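# Descriptive analysis of the structure
If you want the building blocks of each chain, they are given just below.
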Amino acid sequence: MRQMQEPTFLILTALAAGPQHGYGVITDVAEISEGRVVLRAGTLYAALDRLRAEGLIEADREEIVDGRVRRYYQLTGEGATRLAEEVDRITRHATAATTRLRQRFSTAWGMP
């Protein structure tokens, strides 16, 4: 399984909470990443198109707001599974890093 790019991970994470429109995803990603990842509209919509083509998300509904179509997106079952697999991969790596850092610091300080 290929590692998921961070923007993709954050988009799927945003949609894990429930259906959202594009601007909602942009603001949620910024919040989740504590402002470190800021998606531009063009980047987001290209990613949403790719994720739809991969079967990880789907359109939930559309509504008209101020004369413009607002499309909501949601995770598919496959998208939720793929996100869960990526969370598991990241968690395993973080656990390994934490274990090694604890070993390093306990050895450096003469601790058992």
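Residues numbered from 1 in each chain as written. Predicted model: local features only at pLDDT ≥ 70, side-chain atom pairs only at ≥ 80, totals over all residues. Heavy atoms only, no water.

## What about helix α1 (residues 6-16)?
The complete set of buried residues in α1 reads T8, F9, L10, I11, L12, A14 and L15. Once α1 ends, the next one or two residues include G18, with phi positive near 140°. (Buried < 20%, exposed > 50% of the residue type's maximum accessible area, 1.4 Å probe, protein only. Helix = DSSP H or I, 4+ residues; strand = E, 2+ residues; numbered from the N terminus.)

## Thoughts on the packing of aromatic side chains
Applying the stated rule across the entire model yields zero aromatic pairs. Over the face of the ring belonging to Y72 we find R61, whose NZ or CZ atom lies 3.9 Å from the ring centre. (Phe/Tyr/Trp six-rings, centres within 6.5 Å; stacked < 30°, edge-to-face > 60°. Lys NZ or Arg CZ within 6 Å of the ring centre and 35° of its normal.)

## Topic: the layout of surface pockets
Its volume calculated, the largest pocket comes out at about 270 Å³. Lining the largest pocket we find H21, G22, Y23, Y45, V65, R68, V69, R70, R71 and Y73. Looking at the lining of the largest pocket, the elements with two or more residues in it are α2 (22-32) and β3 (68-75). Looking at the lining of the largest pocket element by element, the count peaks at five residues for β3. For the lining of the largest pocket, a count of residues per class yields five nonpolar, two polar and three charged. In this structure, the second largest pocket is lined by R2, Q3, M4, Q5, T8, R50, L51, E54, L56 and R82. Class assignment for the residues of the lining of the second largest pocket results in three nonpolar, three polar and four charged. (1 Å grid on protein atoms, 1.4 Å probe; cavity = no way out; pocket = protein on both sides within 12 Å on 5 of 7 lines; lining within 4 Å. Points joined across faces, edges and corners; volume = space filled by probe spheres on them. Nonpolar A, V, L, I, M, F, W, Y, C, P; charged D, E, K, R; others polar.)

## Topic: the environment of L101
Here L101 lies in helix α4 (residues 77-108). A relative accessible area of 46% places L101 in the partly exposed class.

## Brief notes about unusual backbone geometry
Despite not being glycine, E34 has its phi angle at roughly 55°, a positive value. Mapped onto the fold, E34 is located in the loop between α2 and α3 (41-53). If you check the backbone angles, D66 has positive phi at about 55° while not being a glycine. If you trace the backbone, D66 turns up in the loop between β2 (57-65) and β3. Note on D66: relative accessible area 77%, which makes it exposed.

## A few points about the packing of α2 against α3
Running from N to C, α2 and α3 point in directions that differ by 105°, and their axes come no closer than 10 Å. Considering their axes alone, α2 and α3 lie roughly perpendicular with respect to each other. In contact with G22, Y23, V25 and I26 of α2, α3 contributes A41, L44 and Y45. (Axes fitted to C-alpha atoms, helices over the stretch in contact; angles between N-to-C directions. Parallel < 35°, antiparallel > 145°, perpendicular 65-115°, else oblique. Contact = heavy atoms within 4.5 Å.)

## Re the nonpolar core
In globular proteins that are soluble, nonpolar side chains generally tend to be buried together. I11, L12, V29 and I57 are the most contacted members of the largest nonpolar core, which totals 21 residues. For this core, the element with the highest residue contribution is α1, accounting for six residues. If we skip the residues at most four places from it in the chain, I11 touches V25, V29, L39, L44, A47, L48 and L51. (Core = buried A, V, L, I, M, F, W, Y, C linked by side-chain atoms within 4.5 Å.)

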